[in-house]
Amino acid sequence: MTNYDYLYKKEYYGESLYKHYEVKKELGYQLIKNGVILPYKRTEKGPGGGVIDGKGEFIGSTSLHNCCGCRYDFPKIEKHEGAAVIYLGMFHGIWGHCLTDNIRRLWFLKSSAYIEKFSQCRLVFVPMEDFKFEESNRKLLEILGFCADDFLPVTGITQFDTIILPDESFFTPDGDLRYFTEEYRAMIDQVRDYAREHRRAAPYKKVYFSYRNYTHFKQFGEERLEQYFRSKGYKVLYPEKLTFEEQLNVLINCDCFASTIGSCSHNILFLRDRANVILIPRANYLTGYQITLDQVHDLDITYIDATLSLFAARCPWEGPFYYFVSSRLMDYFKEERKKDRKYWAESFKGFKMYAVHGLNYGRGANAKAYQYYSDTAAACLDQFNRASRWTRVKRVMMKALIFMGRRLEILKLPKYKGLGRQIRRHG
């Protein structure tokens, strides 16, 4: 079950919030004769690379985001005569992609077709940018029954006699929305079962996974979310400081999980069924990856807006992001919303630096962000002004009380003895 009532404007996201992203389909494979594998290259259309078939047609699903036409000129081709390979896709180093795109074709390596026909074929992939098999990625593959050293990178333009292309168990038809199949869920369940079998006692049941030490260059204010969730009994953890096995043990033990949306939040895949989840969007954007992963298991998920990312770039997932403890977050925890000026001043500390950074970041401001945040920004300004007025009143009252107190103290001195009675007598 997913609750979107704590978003500022859930109608902004349209029908994407209410679709079903699991599809029933029989997965198979293609045989591509005399195909060419293009290594990764950044292009204007997106991450270039993938497979070109024997007729010279680019196969969109072989790139990272189904970027049809995301190919480039290749003056020199290295040919491998008589070679047959299994193409596993483009591998990205970001953890969220490791849990989705990097493993979407691996179901095939356990299929009867692979075992009976293609088990002697080499396994190849296209590494993106500076991709390497780090510890967490290696452990993920090991749990799934594979060895990272068996996966061979293609770093040059290479033609093969035969390329076996498995279907995807996690895929996108348009580069936006994502869908998954039973084969994908089976791989995730295999990892979750491993976590159960190796489960150890954990000292906390409520955890908040933070990005603060990882993406500080384009986000502001997450330390305030950390402090708030700590006050609600959550243990704040930084996933990059934990091994994958340690992360799995935390996730399989916890009852409540919270995170801003991104690679950290993709880890909900390994929670127990019916765990409580809080997801905080970074800006006026919900990644298609996350709303799809929400449906892989039976979780109690609530989306809560706690940002004022007014100056996000035209592509809002690029940031920068601005976090604060919003009224929606306080409503979720049934907390009284009255806050003094000190709270509002602290909440928007650094806002000027964020605004200057945002206006100069990427390719300019995102007009839709102003539309999405307009009501919230106005409410925050109103609350700040109200708090400011009340603070000024309290300051005047305090000064008056201090003055009166000092006068009364003076009247208690020996040389003023009896003066107080005279004042009271004559009013």
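Presented here is a report on the structure given in the accompanying data block. Quick caveat: nothing in here was measured; it's all calculated off a predicted structure.

Right, let's get into the environment of Ala84. By the element assignment, Ala84 lies in strand 5 (residues 78-91). Taking C-alpha positions, Ala84 is 5.8 Å from Cys121, a pair spaced 37 residues apart along the chain. Dropping the residues within four chain positions of it, Ala84 is found in contact with Cys121, Arg122, Thr162 and Ile164.

Now for the sheet that holds strand 14 (residues 256-260). Taken together, the six strands give an open sheet; going across it, the order is 1-16-15-14-11-13, and neighbouring strands pair in parallel fashion. Each edge of the open sheet carries a strand with a single partner, namely strand 1 (2-6) and strand 13 (235-237). Strand-to-strand twist in this sheet, taken as the mean axis angle between neighbours without regard to direction, amounts to 20°. Most of the contacts of helix 5 (residues 222-231) go to strand 11 (residues 206-209), to which it runs at about 180°, and overall it touches strand 11, strand 13, strand 14 and strand 15 (276-280). Across the sheet, helix 6 (residues 244-253) is in contact with strand 11, strand 13 and strand 14; its angle to strand 11 comes to roughly 135°.

Our next topic: unusual backbone geometry. Looking along the chain, the bond that leaves Gly319 and enters Pro320 is cis, with omega of 5°. Counting through the fold element by element, Pro320 comes out in the loop between strand 16 (300-304) and strand 17 (321-322). Backbone geometry places Arg274, a non-glycine residue, at a positive phi of 70°. As for its placement among the helices and strands, Arg274 is situated in the loop between strand 14 and strand 15. Residue classification places Arg274 among the exposed residues on the basis of a relative accessible area of 61%. With phi around 55°, Lys334 is a residue other than glycine that occupies positive phi space. Tracing the sequence through the fold places Lys334 in the loop between helix 8 (327-332) and helix 9 (341-347).

This brings us to the layout of surface pockets. Computed from the structure, the second largest pocket encloses a volume of approximately 280 Å³. Along its surface, the second largest pocket is lined by 14 residues, and Tyr12, Tyr13, Asn284, Tyr285 and Leu286 are the ones closest to its centre. Residues of the lining of the second largest pocket, tallied by class, amount to eight nonpolar, three polar and three charged.

Now for empty space enclosed by the protein. Leftover empty space is mapped by rolling, across the atoms, a probe with the size of a water molecule. Applying the stated criterion across every chain, the model contains one cavity of 30 Å³ or more. Space inside the largest cavity adds up to approximately 50 Å³. Elements with a contribution of two residues or more to the lining of the largest cavity: helix 4 (182-197) and helix 6. Among the elements that take part in the lining of the largest cavity, helix 6 stands out by supplying three residues, more than any other. The residue inventory of the lining of the largest cavity, partitioned by class, reads three nonpolar, two polar and three charged.

Let us look at the side chain of Asp305. You can see Asp305 is positioned in the loop between strand 16 and strand 17. Buried charged residue Asp305 carries no salt bridge. Nearest counter-charge: Arg328, at 6.1 Å. Setting aside anything within four residues of it in sequence, one finds Asp305 in contact with Tyr6, Leu7, Tyr8, Pro281, Ser326, Arg328, Leu329 and Tyr372.

Turning next to the nonpolar core. Core analysis: the largest hydrophobic core is formed by 110 residues, its most contacted members being Ile86, Phe151 and Tyr184. By residue number, the principal contributor to this core is helix 4, which donates six residues. Listed in part, the 17 residues of the second largest apolar core include Ile32, Val85, Met90 and Val126.

This part covers helix 4. Taking 1.5 Å as the rise per residue, helix 4 with 16 residues should run 22 Å; its terminal C-alpha atoms sit 22 Å apart, in good agreement. For helix 4, every residue scored as buried is listed here: Tyr184, Arg185, Met187, Ile188, Val191, Arg192, Tyr194 and Ala195. Contacts made by the buried residues of helix 4 are with helix 3 (135-143), strand 9 (170-171), strand 10 (179-180), helix 6 and helix 7 (288-293).

Our next topic: the pattern of salt bridges. All chains considered together, the criterion is met by 20 salt bridges. With a closest N to O distance of 3.8 Å, Arg192 and Asp189 form a salt bridge. Linking Arg192 with Asp189, this pair stays in helix 4, spanning three residues, or about one helical turn. A relative accessible area of 5% places Arg192 in the buried class. Members of the salt-bridge network, linked through shared partners, are Glu22, Lys24, Glu182 and Arg185.

About the cut-offs
Residues numbered from 1 in each chain as written. Predicted model: local features only at pLDDT ≥ 70, side-chain atom pairs only at ≥ 80, totals over all residues. Heavy atoms only, no water. Helix = DSSP H or I, 4+ residues; strand = E, 2+ residues; numbered from the N terminus. Contact = heavy atoms within 4.5 Å. Pairing = 2+ DSSP bridges. Axes fitted to C-alpha atoms, helices over the stretch in contact; angles between N-to-C directions. Buried < 20%, exposed > 50% of the residue type's maximum accessible area, 1.4 Å probe, protein only. 1 Å grid on protein atoms, 1.4 Å probe; cavity = no way out; pocket = protein on both sides within 12 Å on 5 of 7 lines; lining within 4 Å. Points joined across faces, edges and corners; volume = space filled by probe spheres on them. Nonpolar A, V, L, I, M, F, W, Y, C, P; charged D, E, K, R; others polar. Lys, Arg positive; Asp, Glu negative; His and termini not counted. Salt bridge = Lys/Arg side-chain N within 4 Å of Asp/Glu carboxyl O. Core = buried A, V, L, I, M, F, W, Y, C linked by side-chain atoms within 4.5 Å. Expected span 1.5 Å × (residues − 1).

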